[in-house]
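Listed here are the chains, written in short residue letters.
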Amino acid sequence: MPEKEKSLTHQLPADVINGKVDYLEVVSFADHKATAEVWYRLLNLGFRLPAAAGTDAMANYASLRGPVGMNRVFLDTAGSRDIDAAFAALKSGQGFVSNSPLLGLLLDGRKPGQTVDLSAAGARKFSVALRSPVPVDHLELVHNGKVIK
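To start, this report covers the structure provided alongside it. (Residues numbered from 1 in each chain as written. Predicted model: local features only at pLDDT ≥ 70, side-chain atom pairs only at ≥ 80, totals over all residues. Heavy atoms only, no water.)

Side note on the nonpolar core
Of all hydrophobic cores here, the largest spans 11 residues; its members are Val16, Leu24, Val26, Val27, Ala36, Trp39, Leu42, Leu49, Ala51, Ala53 and Val97. Among the secondary structure elements, those contributing two or more residues to this core are β1 (24-27), α2 (32-44) and β2 (51-53). (Core = buried A, V, L, I, M, F, W, Y, C linked by side-chain atoms within 4.5 Å. Buried < 20%, exposed > 50% of the residue type's maximum accessible area, 1.4 Å probe, protein only. Helix = DSSP H or I, 4+ residues; strand = E, 2+ residues; numbered from the N terminus.)

Things to note about unusual backbone geometry
Of note in the backbone geometry, Ala78 takes a positive phi value of approximately 55° without being a glycine. Among the structural elements, Ala78 can be located in the loop between β3 (72-75) and α4 (83-91). In this structure, Asp108 takes a positive phi of about 50° despite not being glycine. Within the fold, Asp108 resides in the loop between β5 (102-107) and β6 (126-131).

A short note on the side chain of Ser98
Along the chain, Ser98 turns up in strand β4 (residues 95-98). Ser98 sits in the buried class, given a relative accessible area of 5%. From its side chain, Ser98 meets the backbone oxygen of Pro101 in a polar contact 2.7 Å long. Filtering out sequence-adjacent residues up to four positions away, Ser98 remains in contact with Val27, Met70, Asn71, Arg72 and Phe74. (Polar contact = N/O pair within 3.5 Å; in protein donor to acceptor, adjacent residues only side chain to side chain. Contact = heavy atoms within 4.5 Å.)

Let's talk about α2
The end-to-end C-alpha distance of α2, which contains 13 residues, comes to 18 Å, matching closely the 18 Å that a straight helix rising 1.5 Å per residue would cover. If you follow the buried residues of α2, they end up packed against α1 (11-17), β1 and β2. (Expected span 1.5 Å × (residues − 1).)

Observations regarding the environment of Ala85
One can find Ala85 in helix α4. Judged by its relative accessible area of 18%, Ala85 falls in the buried class. Between the C-alpha atoms of Ala85 and Leu75, which are 10 residues apart in sequence, the distance is 9.2 Å. Apart from residues lying up to four places away in sequence, Ala85 is in contact with Thr77 and Ser80.

As for α4
Every buried residue of α4 is listed here: Ala85, Ala89 and Leu90. Buried residues of α4, seen end-on, are gathered within an arc of 135° and therefore sit on one face of the element. Seen from the open side of α4, the exposed residues pointing more than 90 degrees away from its buried face are Ile83 and Asp84. Along its buried surface, α4 packs onto β2 and β3. The distance from a side-chain oxygen at the start of α4 to the backbone nitrogen of Asp84 is 3.1 Å, and the residue carrying that oxygen is Asp82. Two residues or fewer past α4, Gly93 is found with a positive phi of approximately 75°. (Arc of directions from axis to C-beta.)

Considering the pattern of salt bridges
Pairs can form between side chains of opposite charge whenever their charged atoms are close. Applying the stated criterion across every chain, the model contains 4 salt bridges. In this structure, Asp76 and Lys111 form a salt bridge, with 3.1 Å as the shortest nitrogen-oxygen distance. Separated by 35 residues along the polypeptide, Asp76 in the loop between β3 and α4 and Lys111 in the loop between β5 and β6 bring together distant segments of the chain. (Salt bridge = Lys/Arg side-chain N within 4 Å of Asp/Glu carboxyl O.)

Listed below in structure tokens is the structure:
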């Protein structure tokens, strides 16, 4: 955080602790790596804080980093198309954020937003699927804020 930036505060952790944050916009036109670092820290403290994506930037600013709509959140609403189902899926973490490909992830047969039983010892089984209309440079699998694959 810039030392002299007066508009920045330490309010986010306090708001998360007090249950005032439904999600964190991890993918946006801001510095996504810095935002992800904050998100990973909150996750590693045990807070189930879903990721979201988007922008409130003006279209002429967005053209510097990509078109409006490039940063998206995909939600599993079990086929429902109403706003209540979308918000419930977002708040429960049943989705993912992306600035390009469509992703699929299963960990021990569980989807994003579901709980994985960690009491059993041993390796975890996971599968990842990626579909993109444009070439993808790389895909990272992150555990505890560190890239593991």
